[in-house]
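These are the residues of each chain, in order.
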Amino acid sequence: MSVLDVLTYPRATLRKKSGPVQKISEDVKSLIRDMKETMYASGGIGLAAPQVGVSQRVIVVDVTPYEPEQEPFALINPEIVSSDGDVESEEGCLSVPGLVETIKRKERVTVRGLDEEGKEVEIEASGMLAICLQHEIDHLDGLTVVERLSPVKRGMIKKKLVKAARNQT
Ligand SMILES: [Zn+2]
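Conventions adopted
Residues numbered from 1 in each chain as written. Predicted model: local features only at pLDDT ≥ 70, side-chain atom pairs only at ≥ 80, totals over all residues. Heavy atoms only, no water. Helix = DSSP H or I, 4+ residues; strand = E, 2+ residues; numbered from the N terminus. Rg over C-alpha atoms; globule rule 2.2 N^0.38 Å. Buried < 20%, exposed > 50% of the residue type's maximum accessible area, 1.4 Å probe, protein only. Contact = heavy atoms within 4.5 Å. Donors = N, O, S within 2.8 Å, 3.2 Å for Na, K, Ca; no water. Phe/Tyr/Trp six-rings, centres within 6.5 Å; stacked < 30°, edge-to-face > 60°. Lys NZ or Arg CZ within 6 Å of the ring centre and 35° of its normal. Pairing = 2+ DSSP bridges. Axes fitted to C-alpha atoms, helices over the stretch in contact; angles between N-to-C directions. Core = buried A, V, L, I, M, F, W, Y, C linked by side-chain atoms within 4.5 Å. Disulfide = S-S within 2.5 Å.

### Examining the overall build of the chain
Consideration 1: In terms of regular secondary structure, the chain is built from 3 helices and 5 strands.
Consideration 2: Reading the chain from its N end, one meets helices and strands in the order α-β-β-β-β-β-α-α.
Consideration 3: Computed over C-alpha atoms, the radius of gyration of the chain comes to 15 Å, within 12% of the 15 Å expected from 2.2 N^0.38 for 169 residues, which places it in the range of a compact globule.
Consideration 4: Dimensions of the chain along its principal axes, counting C-alpha atoms only, are 45 × 35 × 30 Å.
Consideration 5: For the chain, buried positions account for 41% of its 169 residues.
Consideration 6: Considering only contacts within the chain whose residues lie at least 6 apart along the sequence, 63% involve residues at least 24 apart.

### Some words on the coordination of the zinc ion
Consideration 1: Looking at the metal site, the zinc ion is ligated by Cys-93 (SG), His-135 (NE2) and His-139 (NE2), spaced 2.1 to 2.3 Å from it.
Consideration 2: Linear spacing of the donor residues for the zinc ion on their chain is C-x41-H-x3-H. With a gap of 4 residues between them, His-135 and His-139 both fall in helix α2 (residues 127-140), about one helical turn apart.
Consideration 3: We classify His-135 as buried; its relative accessible area is 8%.

### Some details on the packing of aromatic side chains
Consideration 1: Enumeration over the complete set of coordinates arrives at 0 aromatic pairs.
Consideration 2: Positioned above the aromatic ring of Tyr-9, the side-chain terminus of Arg-15 is 6.0 Å from the ring centre.

### A word on the sheet that holds strand β3 (residues 73-92)
Consideration 1: Ordered by their spatial adjacency, 5 strands build an open sheet running β1-β2-β3-β4-β5, and the pairing between neighbours is antiparallel. Strand pairing shows two members of the sheet lacking a second neighbour, β1 (46-48) and β5 (120-125), which therefore form its edges. Geometrically, the sheet is characterised by an average inter-axis angle of 35° between neighbouring strands, direction not taken into account.
Consideration 2: Bridge analysis of β3 against strand β4 (residues 100-114) gives 13 bridges, and the strand direction is antiparallel. Its bridge partner lying in β4, Glu-90 is registered against Thr-102.

### Observations concerning the nonpolar core
Consideration 1: Ranked by size, the top nonpolar core spans 17 residues in total, and within it Ile-59, Val-61, Leu-129 and Leu-133 carry the most contacts.
Consideration 2: When residues of this core are traced back to their parent elements, those giving at least two are β2 (58-61), β3, β4, β5 and α2.
Consideration 3: Broken down by element, the residue count for this core peaks at 6 residues, all from α2.
Consideration 4: Beyond its immediate stretch of four places on either side in the chain, Val-61 contacts Met-39, Ile-45, Gly-46, Pro-72, Phe-73, Leu-129, Cys-132, Leu-133 and Glu-136.

### A few points about the state of the cysteines
Consideration 1: If you walk through the whole model with that rule in mind, you get 0 disulfides.
Consideration 2: For the unlinked cysteine Cys-132, the closest cysteine sulfur is that of Cys-93, found at 10 Å.

### Overview of the pairing of β3
Consideration 1: In the sheet, β2 pairs with β3 via 4 bridges, with the strands oriented antiparallel. Looking at β3, one finds that Ile-59 is bridged to Leu-75.

Here is the structure:
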C-alpha cells in the first residue's frame, strides 16, 4: 500500500470526466487500497480516483468522524439513481486546499454501484454521507466544489487558485 499524491485544482485530470471500470482487476483493488490509505493520511472523509490522477469511476468514503454508525466503503461506477430535498453545507476538498464554502446539495440520495467484490449495492444516504457521495461522484464527472459555487464567487476563487498554483511552480 502507498500514500498517493493528491492533485490540486486546476490540474486537468480533476476537470475530466472519468470512464467506467470495466473489470475489477487486481490493479483496481490495489488502487482502492492506496486511495483509502491516501484518504486517511490526508484526513479526508472521501476520495475519488481522479484526485490521485486516475480517470476511472472509483470512490472511497469514510464518514465515521461525523457518523460513527457508518462503515467505510469503496464504490465502483457509482450512480445517483434518485434524490430529493435541498440542503446547504460547508464543504472542503483535499484537491482545493484552504477552501471551505457553502455548497447546495440534495438532502437525500440513492446511489447504486459495485462493491470491491463486484457485487451490486444500493446505498440510501442522508446527512454527511449523502453530501460526501455527491461530492465524490462530482469528481468523477470532472467537477470540484469550485464548479459548484455561484458564478460570481467561482470567478473570484478561480482567479485566486490559478494564481496560487502559478506561484508554486
Ligand atoms: Zn473533493
